[in-house]
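Summary of the model geometry
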Amino acid sequence: MCFRTNVFWLRKIAFTENVRYYAGIYQKNPQLKPATATIETIKAKLTANDTPSTEEWKNIRLNILNERRFNSTNVDSVVLGLCPNLRIGKSYVSFLQQQGLETNLAIVGKLLRLYRLKEDAISEADEAEIWRMYTELREQNAVLDANTCEHAINALSLTKHWRHCLELLEMIKISGTPDSSSYNCIATKAFQSGDESTGWLMMQEMCENKRIPNDDSFLAWINYSRYQQGQSFPANLERMLQFTMDYTVFLSKHVGKELLQLPQDIGVSVHETRITDGGKCSHCKGKLSSIVVSNELFQRMRDRFLEAVLISKEIFNRTTPDELARFQVFLKKTLPYDVVIDGLNVAFSSGNQKNPTIYAQQVAAVVRHYVRQRQRVLVIGRKHMDKWRTKEMKYIRENSFLFLTEDLSQDDPFLLYAALESGPKTDFFSRDLMRKHSFMLGSELSGVFKRWQQEHQYSLLSIMPDGRVIIKAPFKYELYAHKSCDNRWHVPLVECAYRIPKVEKQNEWLCMGIK
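Procedures and definitions
Residues numbered from 1 in each chain as written. Predicted model: local features only at pLDDT ≥ 70, side-chain atom pairs only at ≥ 80, totals over all residues. Heavy atoms only, no water. Helix = DSSP H or I, 4+ residues; strand = E, 2+ residues; numbered from the N terminus. Buried < 20%, exposed > 50% of the residue type's maximum accessible area, 1.4 Å probe, protein only. Contact = heavy atoms within 4.5 Å. Areas by Shrake-Rupley, 256 points an atom, 1.4 Å probe, with all protein chains shown as cover. Lys, Arg positive; Asp, Glu negative; His and termini not counted. Charge placed at Lys NZ, Arg CZ, Asp CG, Glu CD. Phe/Tyr/Trp six-rings, centres within 6.5 Å; stacked < 30°, edge-to-face > 60°. Lys NZ or Arg CZ within 6 Å of the ring centre and 35° of its normal. Pairing = 2+ DSSP bridges. Axes fitted to C-alpha atoms, helices over the stretch in contact; angles between N-to-C directions. Salt bridge = Lys/Arg side-chain N within 4 Å of Asp/Glu carboxyl O. Polar contact = N/O pair within 3.5 Å; in protein donor to acceptor, adjacent residues only side chain to side chain. Expected span 1.5 Å × (residues − 1).

When its secondary structure is counted, the protein shows 23 helices and 13 strands. A buried classification covers 49% of the 515 residues belonging to the protein. Taking the intrachain contacts of the protein between residues at least 6 apart in sequence as the baseline, contacts between residues at least 24 apart amount to 70%. Accessible surface computed for the protein: about 26000 Å², of which carbon and sulfur atoms make up 49%. Put simply, the protein has 69 plus and 59 minus side-chain charges, and the middle of one group is 5 Å from the middle of the other.

This part covers unusual backbone geometry. The amide bond that connects leucine 335 to the next residue, proline 336, takes the cis arrangement and shows omega of 0 degrees. If you trace the backbone, proline 336 turns up in the loop between helix 17 (321-334) and strand 5 (339-342). Even without a glycine there, the phi angle at methionine 434 is positive, about 60 degrees. Take methionine 434: it is sitting in the loop between strand 8 (427-429) and helix 22 (435-440).

With 10 of 12 residues buried, helix 9 (residues 164-175) lies mostly within the body of the structure. Among the residues of helix 9, His164, Cys165, Leu166, Glu167, Leu168, Leu169, Glu170, Met171, Ile172 and Ser175 are the ones counted as buried.

For the rest of this paragraph, the subject is the packing of aromatic side chains. Counted by the stated rule, this structure contains 23 aromatic pairs. Geometrically, the ring pair formed by phenylalanine 191 and tryptophan 221 is tilted, given 5.0 Å between the ring centres and 55 degrees between the ring planes. Placement of phenylalanine 191 in helix 10 (residues 180-192) and of tryptophan 221 in helix 12 (residues 215-226) is noted, with a sequence separation of 30 residues between them. Each member of the pair, phenylalanine 191 as well as tryptophan 221, is classed as buried. Taking the centre distance of 6.1 Å and the plane angle of 50 degrees together, the rings of phenylalanine 327 and tyrosine 417 count as tilted. One end of the pair, phenylalanine 327, is in helix 17; the other, tyrosine 417, is in helix 21 (residues 412-422), with 90 residues separating them in the sequence. Classification of phenylalanine 327 as buried rests on a relative accessible area of 0%. Members of the aromatic cluster, each reached through a chain of ring pairs, are Phe191, Trp200, Trp221, Tyr224, Phe243 and Tyr247. Over the ring of tyrosine 395 we find arginine 368, and its NZ or CZ is 4.5 Å from the ring centre. Positioned over the ring face of phenylalanine 475 is lysine 505, at 5.7 Å from the centre of the ring.

Taking every second residue as pointing to the same face, both faces of strand 5 are buried, with Val339 and Ile341 on one and Val340 and Asp342 on the other. Two strands pair when backbone bridges link them, and strand 5 and strand 6 (residues 377-382) are joined in this way by 4 bridges, in the parallel orientation. Bridge assignment links valine 340 to a residue of strand 6, and that residue is leucine 378. Bridge count for strand 5 against strand 8 is 3 bridges, and the pairing is parallel. Across the sheet, valine 340 pairs through a bridge with phenylalanine 428, a residue of strand 8.

For the rest of this paragraph, the subject is the sheet that holds strand 8. Taken in spatial order, the 6 strands of this open sheet run 7-6-5-8-9-10, and their pairing is mixed. Both edges of this open sheet fall to strand 7 (401-405) and strand 10 (469-472), since each of them pairs with a single strand only. Neighbour to neighbour, the strand axes of the sheet diverge by 25 degrees on average, direction disregarded. Of the pairings in the sheet, the one linking strand 9 (residues 457-463) to strand 10 comprises 4 bridges and is antiparallel in character. Bridge assignment links serine 462 to a residue of strand 10, and that residue is isoleucine 470. Strand contacts of helix 21: strand 5, strand 6, strand 7 and strand 8, with the helix running at about 175 degrees to strand 5, the strand carrying the most contacts.

Within the structure shown, the criterion is met by 23 salt bridges. One salt bridge connects lysine 505 with aspartate 277, and the closest N-O pair in it is separated by 3.6 Å. Note that lysine 505 is positioned in the loop between strand 12 (488-494) and strand 13 (508-514) and aspartate 277 in the loop between strand 4 (268-273) and helix 15 (295-310), a separation of 228 residues in sequence. We note a salt bridge from aspartate 386 to arginine 397, for which the minimum N-O separation is 2.3 Å. Here the residue aspartate 386 occupies a position in the loop between strand 6 and helix 20 (391-399), and arginine 397 occupies one in helix 20, the gap between them amounting to 11 residues. A relative accessible area of 43% places arginine 397 in the partly exposed class. Within this structure, Lys118, Asp120 and Asp126 form a network of salt bridges that share partners.

Considering the arrangement of structural elements, one finds lysine 387 in the loop between strand 6 and helix 20. We classify lysine 387 as exposed; its relative accessible area is 68%. Sequence spacing of lysine 387 and proline 356 is 31 residues, and the spatial spacing of their C-alpha atoms is 8.2 Å.

For serine 91, the location among the structural elements is in helix 5 (residues 86-98). With a relative accessible area of 15%, serine 91 lands in the buried category. At 2.9 Å, the side chain of serine 91 and the side chain of tryptophan 57 are in polar contact. Leaving out residues up to four positions away in the same chain, serine 91 has contacts with Thr51, Pro52 and Trp57.

Helix length check: helix 11 (residues 196-208) (13 residues) gives 18 Å between terminal C-alpha atoms against 18 Å at 1.5 Å per residue, within 8%. Listing the buried residues of helix 11 in full gives Glu196, Thr198, Gly199, Trp200, Met202, Met203, Glu205, Met206 and Cys207. In the segment just after helix 11, lysine 210 is the residue with positive phi, at about 65 degrees.

The next point concerns the side chain of aspartate 126. Relative to the helices and strands, aspartate 126 resides in helix 7 (residues 124-140). Within the structure, the side chain of aspartate 126 is placed 3.0 Å from the backbone nitrogen of serine 123, a separation counted as a polar contact. Those residues in contact with aspartate 126 that lie beyond four places of it in its chain are Lys90, Tyr115, Lys118 and Ala121.

Printed below as a string of structure tokens:
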């Protein structure tokens, strides 16, 4: 606790009395990178087994200095950033010392981070070296910049001095938000050290700050839980799964592989499975839980959407007050709808280099699909669609409601606003991910929006030569790990938990029985 107290004190005085001791007073700068060809050449050299000679280090350094963006101040940290492991990194630092070149803060930080890439286990000598480098940094700087803090956390969390990372984490917060690596390093070490409360505090804070837990943190908790005396492994595993559900976090296939290898005598049975489009598990034959957005939450989201997305400081980037008023009058006259279609999204679904007749045909095909089902359809488009003078546009006008925004207006907010105003049973048709609009609703209602979106968003896959449309229907079941009514957990697995371009039904799942 003393570390946090100290850093809060530093927050109060560092900028008034000790600014000259603050290493890197501004927020992190985007990292400079050499040309791609330069990077590939240097990496190929450094990944070879042999440690570069003095002459080779000189050439590597000169290759980067030949690019005008680099100078003697920043070149060395760039070289260290390209080193694949600690051995190569130490070789470069030795080269700098032999050449009489100064090792600055950035170089020390990069070298500290390379301890994470050491080819063998961290020794007592390594721990002593990390601690020496860190204490020297602190003696020279009352407060470290965010980059150096993150590098130091990566190294310190490998040692018995790992609790000093908590102070560094608070330093980062002076100018920004800690990165995922910092949180994960601390959480992993906390679990390995048996400090459950600190580990889960880091995990929760990480997710609340839109950072993503990695495999190391989850595997550390699993391994800690397996060998704890007097604790229930099933209960600890369920705690982890509940966390992924609460914070909508995916587990990776690597973590899934470790779970599959758990012995059954510890109260857990884990099986690979597939989930059908109807939400059925191929292993236990049970069904996943359906998505449920209560009427109360839907109403709160609908009320908030108008204020947060359409009526905001950026209103003139999306529409105008007159246009919004005109749209609201239009909605009052024509509500409700069964489906709201993003006209331009459908029109351009096969490319935007075609003629207006093709665009109109595609929109008309989707409208016809819903009209044949006797559904009320609203199409949102832009004014330039009025120039599509074809029989298809005539069909659209006669068989659906059509609202055209100004060409400079954004049509997504109109689409979503119409669907929300129409009621909780209305669907919408678009391929857009709507991430920006979800973010603008705030952390609590953003989750509600995503669940509503998952349940109600349809999109166009293709149009057949005979005019039939192939539509991608939403997966109306839980996408994340959850416990179903038969007391079994169904857990989706992704390739990399920290790289998820789009949240959708995964191909690989685990079916888990926990006693």
